[in-house]
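In case you want the letters, here they are:
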Amino acid sequence: MTTKVSFTLNGEAVSAEVDSRTLLVEMIRENLGKTGTHVGCDTSQCGACVIHLDGRSVKSCTMLAVQAEGADVATIEGVATNGKLHPMQEAFREHHGLQCGYCTPGMIMSSLDLVKQNPDPDEKQIREWLEGNLCRCTGYQNIVRAVKAGAQAMRADD
Amino acid sequence: MTENGIGAAVRRKEDHRFITGKGQYVDDINRPNQLYAVILRSPLAHGKIKSLETDAAKAAPGVVAVFTGADMAAAGVGGLPCGWGITSSDGSPMAEPGHPPLAVDVVHHVGDQVAVVLAETKAAARDAVELIEVDYDDLPAVASLDAAGAEGAPLVWDDAPGNICFDWEIGDAAATDAAFAKAAQVVSIDIVNNRLIANAMEPRAAIGDYDSGKDEYTLFTTSQNPHVIRMLMGAFVLGIPEHKLRVVSPDVGGGFGSKIFHYAEEAIVTWASKQVDRPVKWTADRSESFISDAHGRDHVSHAELALSEDGEFLGLRVDTRANLGAYLSTFGPAVPTILYATLLAGTYKTPAIHARVRGMFTHTVPVDAYRGAGRPEASYLLERLVDRAAKVTGIDPIELRRRNFIKPDEFPYQTPVALEYDIGDYDAAVDKALELADYDNFAQRREESASRGKLRGVGIATYIEACGIAPSNVAGALGARAGLYEAGTVRVNPTGSVSVFTGSHSHGQGHETTFAQLVTEALGVDFDNVSIVHGDTAKVPFGMGTYGSRSAAVGGVALMNALEKIRTKSRKIAAHLLEASAEDIEFKDGKLTVVGTDRSVAFGDVAMAAYVPHNYPLDTLEPGLEETAFYDPKNFTFPAGCHICEVEIDPDTGVVDVVSFTAADDFGRIINPMIVEGQVHGGVTQGIGQALYEQCVYDDSGQLLSGSMMDYCLPRADNLPNFAVTTNVTPCTHNVLGVKGCGEAGAIGTPPAVINAVVNALSEYKIDDMPMPATPERVWQAIQSATN
C-alpha cells in the first residue's frame, strides 16, 4: 500500500508516493534523491542518518516517512546557504573533523542541534551529546574540536 | 618548505563534498532500470542443504529472478580465490577449500550466502527472500579455536584433518632451544587476541551493470583496491577479461582492511546483471555486515621469553593458533604468518626466535586483515610478555625495554625472523613519550586518584610494524600470489594543470590532498591546479590499492617517480626553448631556468609547448607531457614508536577510564602532519576499542551473539580522552620520500599500552593478567576473586 507523503525539505515543498513502511531516510535518499543523509546501521546506533525534523535532530532511520507528513525537514544539503558554507561545516574542514566523510553529515546535523540548545558547549558536553553518533575514523578528538570552534563561530555570527 | 608542499598541514581538498552531503558512495549511485538484490543467508553455522525451494519467491510481486548456488555452479562460475598460499613446515601446501559465491549443498557459517533475489524494489526483494524455503540438516559446528582443535571435533572441511589449514613455522628452533637452555630466567604468558569486526561506517555495497550491447561489465563496489577486485573476480570467478570489466570504487566510507577482500556479493551482482540484462544493486544492512564482512584477529598463543641474569633477552618461543574462519578470505592465511610472526622481534635484539603458527578452520565468518593485520597481535603478545618479564625480574619496564632495544648504530638490523629493519631510534621515541606523558609525576597522580577511591595505572608499549609489503619477488617467495608494487600516472594538461591517476585508493586517508602536495612540491604547480583521480580501473593504469599503510610509502613513491620523469622531460623541453643544454636547466618553484642566468621559462609554458609543439624538438622528443611509473619497493618500511596509557579504575564497578594517552611515533618523513595526527587518533581509538570494548562473540553452536551495534561495543565520543600525539623522525632509507606509513600504528601500539596500564592499576590486588576487552565485568570479577 502506498501513501502520499508531503513535507518541506530544506525549505522546498516535496512529496512522494511511498510504501507505508518506508523509513524517512529511505524516502529522503531514494525518492527525493538527497543522498547526503547516510545509513550506517539498522539499530539506531550510529547517527549517520541524523536530520532535523521541525528544528530538532532525529535519526531518520528510526521513523517512518509517513510520520514526517507536514513537517519541516532539514538535511545536510540545506546547511550551506547560497554556496556559502555554514560555520559548523567550515569548522569540520578547518579542524580535520572528518576522514572518510560517511558519518560527517550526521555529525554536523547533530552538532547544530547541540549548539542551538547550548551555544557554548564545553568538551564534556560535546562528547556526551555526540555519543549517539559513531565515527570509526577520527577518534572523535578533531570532531570535538570542530564542534567547539563551530559553536564559537556561530556565536560570533549572531 | 613550499606552501602546500611536503610537510604543510594543508586542509583537505576532499572535505567540501563530504561536509555538504555531496559525497558519492556506492549506495548513492543508482543505475537506470536497476534491480535490487537481497541475499538469503544461512541461519546455521554448519548445515547440509536438503532442499531449496524458490518458486514462491520467484512468483512474488516485483521479483525478476532468484538464483542459487546450483545456478551459478551450472553456469561455470568459479570460487573466490585466496591471494596468499602458506606452506606448512612439513612442506605441504595449506588446505584450500573451495568458496563458491553462493553455497552449494553445505553452508559453513552463519551468514554464508545461499540464494539471491532480484526485484524491482529492495522491499520486494526482502519480502521474497522470506518466501524461499530451505530445509537444512543441522550439522555439528566448531566456533572457537579450542573447539576446532578438540579431539574428535567436527570438521569444517574433510580434507583438513584436525581443522588445520596449515602448520607453519619461522625462525631457528634449535637456536631458540639453546637460548632457553642457558637462560637465567624464563617468563611465559598465555594470551588471547580477541576477535574483532572492523565496522567501517559505510556498509559494503555493490552494483553490477552489464552492457549487452558491448558485452562489457561495470562493477561499482566499496573496495580499497578496485584493480585487485577486477583481477580476482575477472580471472578466477567469472572469467571476464580485464578489458571487458571496469571496477569503480568511488567515495568509500572507511575500510580498515575489511574492504580489501574480494567478496561474494561483488561476483553475484556482476554475474546476475548479465543474466537479467539489467543493473543489479546490493547494499548490506549493518546486521548483514556483521555476518559477512571478514572479521579480524582471533589468536590464542603461548609465549616464553628467555632472559639472562641482567635482563637481556636471549630467546623467544611462540606457539599461536589463529582462527581463519570457514573459508580462506583473500589474504587470510598471510595475516597470522607473514604479517605476524615476522614482527615478533619487535624493537628488541632477541637473538633467537622461533614461532609456530597453526591456521585453523572454524564455522565462523572468514578472518582476514583488520587495521594492523598481524602486527597488533605480535605487538600485544610481545609487550605484555616484556611487562611480565619486568615484573618477574624486578627491572623497571622502561629500563628493561631500553636494555634490549636495537640501537640507532645497529641498523640495518637483520632479525631472526626474516625482516631487515632499515632505521629507527626507539630510545628517542620513549624519551619523547615519557616527557609528553609527564611520566615522572605519575606517582602524584596515582595518589590523587587514590584519594578519590580510584586505582590509577600507567602502561607503556613500544611497537614496530612492517608497512608497504615488498618487494614483490620476496613476497612471491613467501606465498603472495600478486605483485605488491604501485602505479601512478601524472598527466600535465596543456594549460599546466595536473591530473594524477593513482593506484592507491583513499577511503578516508586524504590522498586527494597529500598526493597533490607531492605534485606541488615537485612541479611548483598551484595546489588548486592539481586533481587526484583514483578508484576507477578505466581511468587509472593499474593499482594494488590501499592497505597495510602502503599508500604514501608505495603509491606516493610511484607518484614521485612519475613526477621525476615529468621533471626530466620538462628540462629537455625547456632546454630547447631556452637554447641551452638540459643539464644546465634548473627546475625550481614552477620555473625552469638556465643555471647562472636570468633566462627562464614557466612550467606552464613548457606544458603548452609539449601539446602545441611548434617550437619543439620533435626529432628527439615525443610531444605531450604524461608519465607513468610503477614502483616496487626494495624493502618494507618500519614505523615504530612508544605509546603510554594512563587509566583510572573504579574498584566498585570495574569501569576502566582512559584518562590520558600519549603516542610518540616514527613514521619517517611526514607529508601532512594534520592528516597523520588524524590517522593516529583513529588508530589509537580502535586500539582502545580492542583493549576495553570490542569483542566478537560466537556461542558454541556458531551463532554470532555480537551481531549488531547494540551488542558489539564500538568506542564512542564520551569514552575517550584527548590524545597527546608527537613524532620523531628517522627517514626511511630506501624510498625517495623517506616515508614509512602511519595508518595502522595506533591500532598496533595501543592495546598493550592499555592492558599494561590496567594490570598496573590492579597491581595491589596481585592481578597480573587481564584479557581484552577489559570490560567492567571482567575487571570487577578479577578484583572480587583477588579479595575474596
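Reading guide: rules and limits
- Residues numbered from 1 in each chain as written.
- Chains lettered and ligands numbered in written order.
- Predicted model: local features only at pLDDT ≥ 70, side-chain atom pairs only at ≥ 80, totals over all residues.
- Heavy atoms only, no water.
- Pairing = 2+ DSSP bridges.
- Helix = DSSP H or I, 4+ residues; strand = E, 2+ residues; numbered from the N terminus.
- Axes fitted to C-alpha atoms, helices over the stretch in contact; angles between N-to-C directions.
- Contact = heavy atoms within 4.5 Å.
- Patch = residues over 30% accessible without salt bridge, like charges linked within 9 Å, V, L, I, M, F, W, Y side chains within 5 Å.
- Areas by Shrake-Rupley, 256 points an atom, 1.4 Å probe, with all protein chains shown as cover.
- Salt bridge = Lys/Arg side-chain N within 4 Å of Asp/Glu carboxyl O.
- Lys, Arg positive; Asp, Glu negative; His and termini not counted.
- Charge placed at Lys NZ, Arg CZ, Asp CG, Glu CD.
- Buried < 20%, exposed > 50% of the residue type's maximum accessible area, 1.4 Å probe, protein only.
- Domains from an automatic or database assignment.
- Buried area = accessible area lost by both parts, 1.4 Å probe.
- Polar contact = N/O pair within 3.5 Å; in protein donor to acceptor, adjacent residues only side chain to side chain.
- Nonpolar A, V, L, I, M, F, W, Y, C, P; charged D, E, K, R; others polar.

## Re the sheet that holds strand β15 (residues 299-307) of chain B
Residues and elements named next belong to chain B. Reading across the sheet, the five strands line up as β7-β17-β16-β15-β8 and stay open at both edges, with mixed pairing between neighbours. Strands at the two margins of the open sheet, each flanked by one partner only, are β7 (164-171) and β8 (185-193). Between one strand axis and the next, the sheet turns through 10 degrees on average, direction left out of account. By the bridge criterion, nine bridges tie β15 to strand β16 (residues 313-325) in an arrangement that is antiparallel. Directly across from Ala303, in β16, lies its bridge partner Val318. Those strands touched by helix α6 (residues 173-181) are β7, β8, β15, β16 and β17 (352-361), and its axis lies near 130 degrees from that of β16.

## Some thoughts on a negative patch on the surface
Residue and element names in this part refer to chain B. A contiguous patch of negative charge on the surface is contributed by Asp211, Asp215, Glu216 and Asp277. With respect to the element layout, Asp211 can be found in strand β10 (residues 205-211). Looking at Asp211, the relative accessible area reads 32%, which means it is partly exposed.

## A short note on the domain arrangement of chain B
All names here are of chain B. By the assigned domains, chain B splits into domain 1 (15-20 + 485-631), domain 2 (31-139 + 201-254 + 259-292) and domain 3 (295-469 + 635-787). Distance between the C-alpha centres of domain 1 and domain 2: 39 Å. The interface is formed by 16 residues belonging to domain 1 together with 18 residues belonging to domain 2. Across the domain 1/domain 2 interface, buried area totals approximately 1,400 Å², and carbon plus sulfur atoms make up 56% of it. In this assembly, domain 1 and domain 2 are joined by two salt bridges. Here Arg17 makes a salt bridge to Asp251, at a shortest N to O gap of 2.7 Å. Joining domain 1 to domain 2, the criterion identifies eleven residue pairs in polar contact (both at pLDDT 80 or more). Here the residues of the side of domain 1 that touches domain 2 sort into seven nonpolar, seven polar and two charged.

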